Amino acid sequence: MLKEERQQTILSEVELHNRILLTDIAETLDVSIDTIRRDVKELDAENKLRKVHGGAVSLGFTMNSTRNQNIYKLEEKNKIAEKALTLLKPGSVIFIDGGTTCSELARLIPQNLDITCFTHSLPVASELLTKPNVNVIIVGGQVSSESQTTIGANAIHNLSEIKVDYSFIGTGYVDSFYGLTEFDWDIVQVKKAVIKCSKKTVLLSISEKLNSQHRYKTCDINAINTMITELDPENELLNSFRNHDIRIL
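Residues numbered from 1 in each chain as written. Predicted model: local features only at pLDDT ≥ 70, side-chain atom pairs only at ≥ 80, totals over all residues. Heavy atoms only, no water.

Following the criterion strictly, the structure yields 0 disulfides and no others. Cys102 takes part in no disulfide bond, and the closest cysteine sulfur to it belongs to Cys117, at a distance of 9.7 Å. Using a relative accessible area of 1% as the deciding quantity, one classes Cys102 as buried. (Disulfide = S-S within 2.5 Å. Buried < 20%, exposed > 50% of the residue type's maximum accessible area, 1.4 Å probe, protein only.)

Packed helices, taken two at a time, are described by their axes: the angle between them and the distance between them. Contact geometry for helix 2 (residues 22-29) and helix 3 (residues 33-45): axes closest at 9 Å, N-to-C directions at 115°. Taken together, the axis directions place helix 2 and helix 3 in an arrangement best described as roughly perpendicular. Note that helix 2 runs across helix 3; the crossing there is right-handed. Residues Leu22, Thr23, Ile25, Ala26 and Leu29 of helix 2 pack against Ile33, Ile36, Arg37 and Val40 of helix 3. Per-class residue counts for the contact of helix 2 with helix 3 are 7 nonpolar, 1 polar and 1 charged. (Axes fitted to C-alpha atoms, helices over the stretch in contact; angles between N-to-C directions. Helix = DSSP H or I, 4+ residues; strand = E, 2+ residues; numbered from the N terminus. Parallel < 35°, antiparallel > 145°, perpendicular 65-115°, else oblique. Left-handed = near helix turned anticlockwise from the far one by under 90°. Contact = heavy atoms within 4.5 Å. Nonpolar A, V, L, I, M, F, W, Y, C, P; charged D, E, K, R; others polar.)

Right, let's get into the packing of aromatic side chains. What the rule picks out here adds up to 3 aromatic pairs. A ring pair is formed by Phe177 and Tyr178, whose centres lie 4.9 Å apart and whose planes are at 90°; its orientation type is edge-to-face. Overall, the relative accessible area of 66% leaves Phe177 in the exposed class. Given a relative accessible area of 38%, Tyr178 falls into the partly exposed group. (Phe/Tyr/Trp six-rings, centres within 6.5 Å; stacked < 30°, edge-to-face > 60°.)

What follows covers the sheet that holds strand 3 (residues 55-57). Taken in spatial order, the 3 strands make up an open sheet running 1-3-2, and their pairing is antiparallel. Of all strands in the sheet, those with a lone pairing partner are strand 1 (19-21) and strand 2 (50-52), marking the two edges. Each neighbouring strand pair of the sheet contributes to a mean axis angle of 25°, computed without reference to strand direction. Bridging between strand 2 and strand 3 involves 3 bridges; their strand directions are antiparallel. From the neighbouring strand, Val52 faces strand 3, where its bridge partner is Gly55. Together, strand 2 and strand 3 form the strand contacts of helix 3, whose direction differs from that of strand 2 by roughly 135°. (Pairing = 2+ DSSP bridges.)

Applying the stated rule across the entire model yields 12 salt bridges. Shared partners join several salt bridges into a network, and the residues in it are Arg19, Glu146 and Asp184. (Salt bridge = Lys/Arg side-chain N within 4 Å of Asp/Glu carboxyl O.)

Below, the discussion takes up the layout of surface pockets. By volume, the second largest pocket amounts to about 210 Å³. In the lining of the second largest pocket, the residues fall into 5 nonpolar, 4 polar and 4 charged. (1 Å grid on protein atoms, 1.4 Å probe; cavity = no way out; pocket = protein on both sides within 12 Å on 5 of 7 lines; lining within 4 Å. Points joined across faces, edges and corners; volume = space filled by probe spheres on them.)

At a minimum axis separation of 10 Å, helix 1 (residues 3-17) and helix 3 run at an interaxial angle of 75°. By the angle class used here, helix 1 and helix 3 are roughly perpendicular. Two secondary-structure elements touch here, helix 1 through Lys3, Arg6, Gln7, Ile10 and Leu11 and helix 3 through Thr35, Ile36, Asp39, Val40, Glu42 and Leu43.

Bringing a nonpolar patch on the surface into the picture now. Taken together, the side chains of Leu122, Ile138 and Val143 make up a nonpolar region of the molecular surface, amounting to roughly 220 Å² of accessible area. Structurally, the position occupied by Leu122 is in helix 7 (residues 122-128). (Patch = residues over 30% accessible without salt bridge, like charges linked within 9 Å, V, L, I, M, F, W, Y side chains within 5 Å. Areas by Shrake-Rupley, 256 points an atom, 1.4 Å probe, with all protein chains shown as cover.)

Turning to the environment of Asp232, a few remarks are in order. Mapped onto the elements of the fold, Asp232 is located in the loop between strand 14 (226-228) and strand 15 (247-248). Residue Asp232 is classed as partly exposed on the basis of its relative accessible area, which comes to 49%. Along the backbone, Asp232 and Ile248 are 16 residues apart, and their C-alpha atoms lie at a distance of 9.1 Å. A distance of 2.8 Å separates a polar atom in the side chain of Asp232 from the backbone nitrogen of Glu234. (Polar contact = N/O pair within 3.5 Å; in protein donor to acceptor, adjacent residues only side chain to side chain.)

Now for the sheet that holds strand 10 (residues 173-175). Taken together, the 3 strands give an open sheet; going across it, the order is 10-11-13, and neighbouring strands pair in antiparallel fashion. Edge strands, defined here as strands with exactly one partner in the open sheet, are strand 10 and strand 13 (216-219). Averaged over all neighbouring strand pairs, the angle between strand axes comes to 35°, with direction disregarded. Both strand 11 (residues 179-182) and strand 13 contribute to a ladder of 3 bridges, which runs antiparallel. Residue pairing in the sheet places Thr181 in a bridge with Lys217 of strand 13. Along the sheet, helix 9 (residues 185-196) contacts strand 11 and strand 13; its crossing angle with strand 13, the most-contacted strand, is approximately 10°.

Shown next, in the form of structure tokens:
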């Protein structure tokens, strides 16, 4: 495989999943980790992604990025966020997860909607602070420089002491049989706590992530009350999810 093809694969993966591990890409492309590390370093220098320890993150995943230029599949994520907005009512207490789709939801919340929103995401909190009627509460804990979310025991404990009407979460990977999975163990533990503190959990995911899986399991698909994609709810790509007790929007 040519270097250009290799680097395009790296960019496609980091754009789809927001974060990648060098070891995963090296295994997928059947090349050495050193080769992938060099590719990621070059892509970072070209300002196409951001190199982090052991992997890379998309530019759209960072607070200082230009939203319209760097968010992958922005139109699709915008459509998902618009669907999610229909679930919000005045007086609701909600949780919004980290990630670019969840950030789109935060951006689109109407200025006059009076709600309380918990989040462990710094970019989401920053977006919500522009909404005068949203009461924003950060779930404290250790801050991950890669995901820009709080993780660890403090975040999990803080989540155990609240109950929200809806949590809106993202995922790296989702499959109708394996459920929601991630490659980051710490992120999984926080997502488990989020689901546990929610009356209803809403998954926001672009359709490209359907039928994919990774190492660590967040939950079974049945733990999700509602799944929102950019697709029409009757699209055949969603057929495998219809056998589960889950609402599809």
